[in-house]
Amino acid sequence: MSELEHQIRELCSKAKAASRALAPLSADQKNQLLMEIAEALVRAQDAIAAANDQDLTAGQNSGLSAALLDRLHLNERRFQQMVTGVRQVVALKDPVGEVIQTWVPENGIEMQKVRTPIGTIGIIYESRPNVTVDAGVLCLKSGNVPVLRGGKEAFHTNLALVEVMQGVAEKMELPREIVSFLPTIEREAIPLFCRQETIDLMIPRGGHGLIKTVVEHARMPVIKHYHGVCHIYVHQEADLEMAEKVIINAKTQRPGVCNAVETVLVDESIASQFLPQLVTALQGKGVTVLGDETTSTAAGCALDAPENWEVEYLDLILAIRVVSGLDEALHHLNDYGSHHTDTIITEDETTAEEFLNKVDSATVFWNASTRFADGGQFGFGAEIGISTDKIHARGPMALEELTIYKYIGRGTGQTRH
């Protein structure tokens, strides 16, 4: 066994042991833990900012794109949002112990279906350091121990954030491993991490290569937080002023996140009316607009063709395609979408409802930016990420999605015949 494998195995084993100390805590005890974490983060803000500056400098020197540097930057506003997010999770109802269902079958045993923690949750993610705290506090509130492996770009920031949370755990006489962190940026750590049988669930957040590696090596269930090739379909009955506003927000408000729009579909009946103003507005915001020959003709300007329709740009780049109507838009989504988040802009309720019912994505919107596909915007507080799987957790993963359940039976001496 290599030194790295030994290190990872020992860390995950300690996390499993820590999960047994965390699981019995009451809702009040967990809330106290989270409030202490929020206050400790505020006290450590300068040290965290210094660590983030170190990562930003390294990122600039290594040639990270502006969008990726933006994802990495834990500025004052995002720091305050992160701390506020911790306090919001405190205010949420603790799902652990909730009785989902009670019934008495013919055998007379009183049965209950009750929410319980999953245990140890491995979370692999990239760039955004606020995920470290969001994931940490959501796991703790739901009675789970997170084992975190962030991207190398945010290594020093993540380490500083984890040290704050671990320090609070020790202060409250809990194992520091109730928040665990893989202190390595070596690529070979990921397959080794995925083979640890002391991890109950693995949640990867990232691109195709990361997801493929995790799925190939995982010895535990995996909930994938895959790339977000999000779409906005502008129907022929759309309010075009609204459509322009929504598209610009969905592309430019934060282009480097998974719920930013990457492809816009426009009905051919309005394309020559709408596309010239849309393309001009987007280019005025610094967006590189891509489109096929039909789109270029309708827009009245030459556009470079997209390499394909399945790219998650995570940058100020947007692909536009002209479609014949709703049916072709739905075919495009089925063929090229990632089943993350898709929006229709229209004033026609019947068409909108057909779109909402037929699009097979984790989140579908009518007349709203794709950027609202977010646990905080749904009222869930912070989130682990956006699941694109078709299992118990789909869309924003918040507290309920981080629990499982068990059956409890209370009998009076029944025996089976």
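Asker: Go over the overall build of the protein with me, naming the residues and quoting the values.
Answerer: Helices and strands together make up the secondary structure of the protein, namely 14 helices and 15 strands. Expected size for 417 residues packed as a compact globule is a radius of gyration near 22 Å; at 23 Å, the protein falls within 12% of this value. Taken over the C-alpha atoms alone, the protein extends approximately 75 × 65 × 40 Å along its principal axes. Within the protein, buried positions represent 53% of all 417 residues. When contacts within the protein are restricted to residue pairs at least 6 apart in sequence, those whose partners lie at least 24 apart make up 72%. The protein carries 37 positive and 56 negative side-chain charges, and their two centres are separated by 8 Å.

Asker: Provide a residue-level description of unusual backbone geometry, including the pertinent values.
Answerer: In this structure, glutamate 173 takes a positive phi of about 60° despite not being glycine. Locating glutamate 173 in the fold gives a position in the loop between α7 (155-171) and β5 (180-181). With a phi close to 50°, leucine 314 is a non-glycine residue in the positive phi region. In this fold, leucine 314 is placed in the loop between α12 (293-299) and β10 (317-323).

Asker: How would you sum up helix α5 (residues 76-91)? Please name residues and give values.
Answerer: An ideal rise of 1.5 Å per residue puts 22 Å on 16 residues; α5 measures up with 23 Å between its terminal C-alpha atoms. Turning to α5, its buried residues number three or more, namely Arg78, Phe79, Met82, Val83, Gly85, Val86, Val89 and Val90. Buried positions in α5, seen along its axis, are confined to an arc of 150° and lie on one side of it. Looking at the buried residues of α5, the elements they touch are α2 (27-43), α3 (45-61), α4 (66-72), α6 (130-141) and α7.

Asker: Account for the packing of α5 against α6, with residues named and values stated.
Answerer: In the contact formed by α5 and α6, the axes pass within 10 Å of each other and the chain directions differ by 10°. The angle between the axes of α5 and α6 places the two elements in the roughly parallel class. Residue-level contacts link Met82, Val86, Val89 and Val90 of α5 to Asn130, Val133, Val137, Leu138 and Lys141 of α6. Of the residues that constitute the contact of α5 with α6, the class distribution is seven nonpolar, one polar and one charged.

Asker: Go over the side chain of arginine 254, please, and point to the residues and values.
Answerer: Mapped onto the fold, arginine 254 is located in the loop between α10 (240-252) and β8 (261-267). Contact partners of arginine 254, with chain neighbours within four places excluded, come to Asp70, Arg71, Arg78, Arg128, Ala260 and Arg371.

Asker: Could you give an account of the sheet that holds strand β6 (residues 201-204), with specific residues and numbers?
Answerer: Sheet strands line up and pair through hydrogen bonds in the backbone, either parallel or antiparallel. If you walk across this open sheet you meet the four strands as β5-β4-β3-β6, and the pairing is parallel. Every other strand in the sheet has two partners, leaving β5 and β6 as the edge strands with one partner each. Examined bridge by bridge, strand β3 (residues 120-124) and β6 share four bridges and lie parallel to one another. Paired with isoleucine 124 across the bridge in β6 is proline 204.

Calculation rules
Residues numbered from 1 in each chain as written. Predicted model: local features only at pLDDT ≥ 70, side-chain atom pairs only at ≥ 80, totals over all residues. Heavy atoms only, no water. Helix = DSSP H or I, 4+ residues; strand = E, 2+ residues; numbered from the N terminus. Rg over C-alpha atoms; globule rule 2.2 N^0.38 Å. Buried < 20%, exposed > 50% of the residue type's maximum accessible area, 1.4 Å probe, protein only. Contact = heavy atoms within 4.5 Å. Lys, Arg positive; Asp, Glu negative; His and termini not counted. Charge placed at Lys NZ, Arg CZ, Asp CG, Glu CD. Expected span 1.5 Å × (residues − 1). Arc of directions from axis to C-beta. Axes fitted to C-alpha atoms, helices over the stretch in contact; angles between N-to-C directions. Parallel < 35°, antiparallel > 145°, perpendicular 65-115°, else oblique. Nonpolar A, V, L, I, M, F, W, Y, C, P; charged D, E, K, R; others polar. Pairing = 2+ DSSP bridges.

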